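Observations on the model geometry
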Amino acid sequence: DAKTTQPTSMDCAEGRAANLPCNHSTISGNEYVYWYRQIHSQGPQYIIHGLKNNETNEMASLIITEDRKSSTLILPHATLRDTAVYYCIVRVPLTGTASKLTFGTGTRLQVTL
Amino acid sequence: GAVVSQHPSWVICKSGTSVKIECRSLDFQATTMFWYRQFPKQSLMLMATSNEGSKATYEQGVEKDKFLINHASLTLSTLTVTSAHPEDSSFYICSASRPGGNYGYTFGSGTRLTVV
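This section reports on the structure supplied with the text. Source: prediction; values computed, not measured.

Remarks on the overall build of chain A
For chain A, the count of helices and strands is zero helices and nine strands. Going from the N terminus to the C terminus, chain A shows its helices and strands as β-β-β-β-β-β-β-β-β. With the C-alpha coordinates aligned to their principal axes, the bounding extent of chain A is approximately 45 × 30 × 25 Å. When burial is assessed residue by residue, chain A has 45% of its 113 residues classed as buried. Residue pairs at least 24 apart in sequence account for 55% of intrachain contacts in chain A once pairs closer than 6 positions are excluded.

Here's what the structure looks like:
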């Protein structure tokens, strides 16, 4: 399984962009990078995922380096409601139609006024 | 779309009793569901993978006789914590994936279990 490394915590001022880094230097060619977040005492929420191209949706942007050994999740205009633990996950392929997700320790993002 | 409902959201039970937690996919069929456990200030730990119509696959170190998983239909998986003890107190979360592979996985809202 490709492991990920994320900073333990980060702070961001409300209205500013939050850039959350993730290292996954042992990622395999067919593994995807997923980002989830977990607000306190809730289930994780899917944010975005990608293979090698940069991706953008209504929540965030995902920038993956050309060698795929790291990525950055960008929340363009952070709000207080974005305060959560953000998990960068590399999907482990399994036989069948689904792959399990293994969570690391994540980054605790604190958005402040 | 892709809503997963988990019930109950919290439960308190006495030591030695069993507790059942339900995980339902409301608007899609989930051939595979996953069960996680999370202790305070820790990350989610995968317990088992539940496949519709077949036996669950448990992660190393998870007691299959203690954590019974049943995935009898494409929209329902249940986790039963048998003979619960205080050390089983935790936050249990289920997740479901839609057939076809590469979709974002949807998580339930979690169940806070307290064993007294």
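A look at the pattern of salt bridges
Once the charged atoms of two side chains with opposite charge are near each other, the side chains can pair. Tallying each qualifying case throughout the model produces three salt bridges over all chains. Salt-bridge contacts for R24(B) lead to E22(B); the nearest nitrogen and oxygen are separated by 3.5 Å.

What to know about the interface of chain A and chain B
Across the contact, 20 residues belong to chain A and 23 residues belong to chain B. Across the chain A/chain B interface, buried area totals approximately 1700 Å², and carbon plus sulfur atoms make up 50% of it. Summed over the shared surface of chain A and chain B, the result is zero salt bridges. Connecting chain A to chain B are four residue pairs in polar contact (both at pLDDT 80 or more). Elements represented by at least two residues in the side of chain A that touches chain B include exactly β3 (33-38) and β4 (45-50) of chain A. No other element matches the three residues that β3(A) contributes to the side of chain A that touches chain B. Taken together, the residues of the side of chain A that touches chain B break down into nine nonpolar, nine polar and two charged.

Conventions we followed
Residues numbered from 1 in each chain as written. Chains lettered and ligands numbered in written order. Predicted model: local features only at pLDDT ≥ 70, side-chain atom pairs only at ≥ 80, totals over all residues. Heavy atoms only, no water. Helix = DSSP H or I, 4+ residues; strand = E, 2+ residues; numbered from the N terminus. Buried < 20%, exposed > 50% of the residue type's maximum accessible area, 1.4 Å probe, protein only. Contact = heavy atoms within 4.5 Å. Salt bridge = Lys/Arg side-chain N within 4 Å of Asp/Glu carboxyl O. Buried area = accessible area lost by both parts, 1.4 Å probe. Polar contact = N/O pair within 3.5 Å; in protein donor to acceptor, adjacent residues only side chain to side chain. Nonpolar A, V, L, I, M, F, W, Y, C, P; charged D, E, K, R; others polar.

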